[in-house]
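# A look at the structure
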Amino acid sequence: MLEVQKGHQAPFESLMRKYYKRIYNFIYRFVGHRQLAEDLTQDVFIRVYKSADSYHPKAKFQTWIYTIAKNLSLNELRKKSSRNSISLEQEIPTSRGAVLPQVEDPRAKSLWESMAQEEKQSVVREAIQSLPENQRMAVILRRYEDLSYEQIAQTLQCSVPAVKSLLNRAKEGLKGKLRNVMGDY
Amino acid sequence: MKCHEIKELLPAYSNSDVSPEKAMEIGEHLKVCEDCLQEYNLIVKSWESLDVWPDIEPEEGYVSRFWTRLSAEQTWRERVMSGMKNLLAKRALVPAYAGTLVAVLVAFLYFQVPLSKNRPPEMIIEEDVDFVESLELTEQMDILQEMDWLEDLDVIEKLDAV
């Protein structure tokens, strides 16, 4: 980041390659829409690029960028919900182009299993989407981004006990919604 | 603790986020209470089941899309500043910048040298004479302005006349 502050484009691009996928997935899981996630991820990096001069290495860069991503996603969701036009995708992204090769490959899962897997993904996605914003954010940061309680607390700008409380309530909520998915676990 | 109290603590227990004493008590309770054990397994398994939602890949070309979008969003001033910044950041160009700076400095010093040095001697003498003359005139004017005592002389003359 300090190299980026000096105006180098190459370090910024390597920073982008390192974090883009993580931020993209974080936003995608939060907003539930692929194209919106793409736009917001670009917004995050534009924000990072433009505020590189004012960046002080007080917090870890990772926490800083997740905070920007969180703020932009929340703003977008609130804007959308005020317009009452939010629509969650029904697609299962991992199923694109993955089903046919699996059917042709004798070692792969059967079509039936793939469909069952897609169904599970869909249920998990809906369960996460149904959580309140803060709980959803905490779950994504903990379960998918593997952040520590302290890092989540910094990102969500709350205390560590508050993060633990959010996660406990989220677990309670997910338990009821994912009852049917848990056959294989 | 009773079952409902244990159940309230199960999410925290699954995070290893309860005191060692409570953890021991909950552990002992789960050995004997089928209902609470089932509840605990549901919490653990639902958390594990989140794995079925894998990461997705961003569309290719996101880096070039980023630069295009940034360029479209920047004002002309931001673009100029950004270009300058990029130019200054290139270390290979440091000798060129230094050379240019030295050239500008030399040119500045050259033109700062008094132009009189390049003039013929007679012109310098004329210029100096003019300067000295005007200086003398100014001094005389100053002396006249400071001659308040002349007013006193007028008064004495008038007294004599009376």
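Residues numbered from 1 in each chain as written. Chains lettered and ligands numbered in written order. Predicted model: local features only at pLDDT ≥ 70, side-chain atom pairs only at ≥ 80, totals over all residues.

### Thoughts on the nonpolar core
Residues and elements named next belong to chain A. By size, the foremost hydrophobic cluster in this structure holds 45 residues, and its most contacted members are Ile23, Ile27, Val44, Ala69 and Ala138. By residue number, the principal contributor to this core is helix α2 (residues 9-31), which donates 8 residues. Setting aside anything within four residues of it in sequence, one finds isoleucine 27 in contact with Ala37, Leu40, Thr41, Ala69 and Ser73. (Core = buried A, V, L, I, M, F, W, Y, C linked by C-beta atoms within 7 Å. Buried ≥ 20, exposed ≤ 12 C-beta atoms within 10 Å, placed from the backbone. Helix = DSSP H or I, 4+ residues; strand = E, 2+ residues; numbered from the N terminus. Contact = placed C-beta atoms within 7 Å.)

### Quick word on the interface of chain A and chain B
Reports often express the size of an interface as the amount of accessible area lost when the parts come together. Facing the 36 residues of chain A at the interface are 32 residues of chain B. Of all the elements in the fold, those that place two or more residues in the side of chain A that touches chain B are α2, α3 (34-50), α6 (111-129) and α9 (160-177) of chain A. The greatest single-element share of the side of chain A that touches chain B, amounting to 8 residues, is contributed by α2 of chain A. In terms of residue class, the side of chain A that touches chain B is built from 15 nonpolar, 9 polar and 12 charged. (Nonpolar A, V, L, I, M, F, W, Y, C, P; charged D, E, K, R; others polar.)

### Digging into the environment of lysine 177 of chain A
Residue and element names in this part refer to chain A. Take lysine 177: it is sitting in helix α9. Sequence separation between lysine 177 and valine 124 is 53 residues, and the spatial gap between their C-alpha atoms is 8.3 Å. Setting aside its immediate chain neighbours within four residues, lysine 177 contacts Ala127 and Ser130.

### So, the packing of helix α7 (residues 133-144) of chain A against α9 of chain A
Residue and element names in this part refer to chain A. Where α7 meets α9, the axes come as close as 9 Å, and the angle between the chain directions of the two elements is 95 degrees. Between α7 and α9, the crossing angle belongs to the class labelled roughly perpendicular. Only Val163, Leu166, Leu167, Arg169, Ala170 and Gly173 of α9 make contact with α7, whose side of the interface consists of Asn134, Gln135, Ala138, Val139 and Arg142. Across the contact of α7 with α9, the residue classes tally to 6 nonpolar, 3 polar and 2 charged. (Axes fitted to C-alpha atoms, helices over the stretch in contact; angles between N-to-C directions. Parallel < 35°, antiparallel > 145°, perpendicular 65-115°, else oblique.)

### A closer look at the confidence of the model for chain B
Of the residues in chain B, 65% have a pLDDT of 70 or more, and the chain-wide mean is 79. Scored by ipTM, the complex comes to 0.76, with pTM at 0.66. (pLDDT = per-residue confidence, 0-100.)

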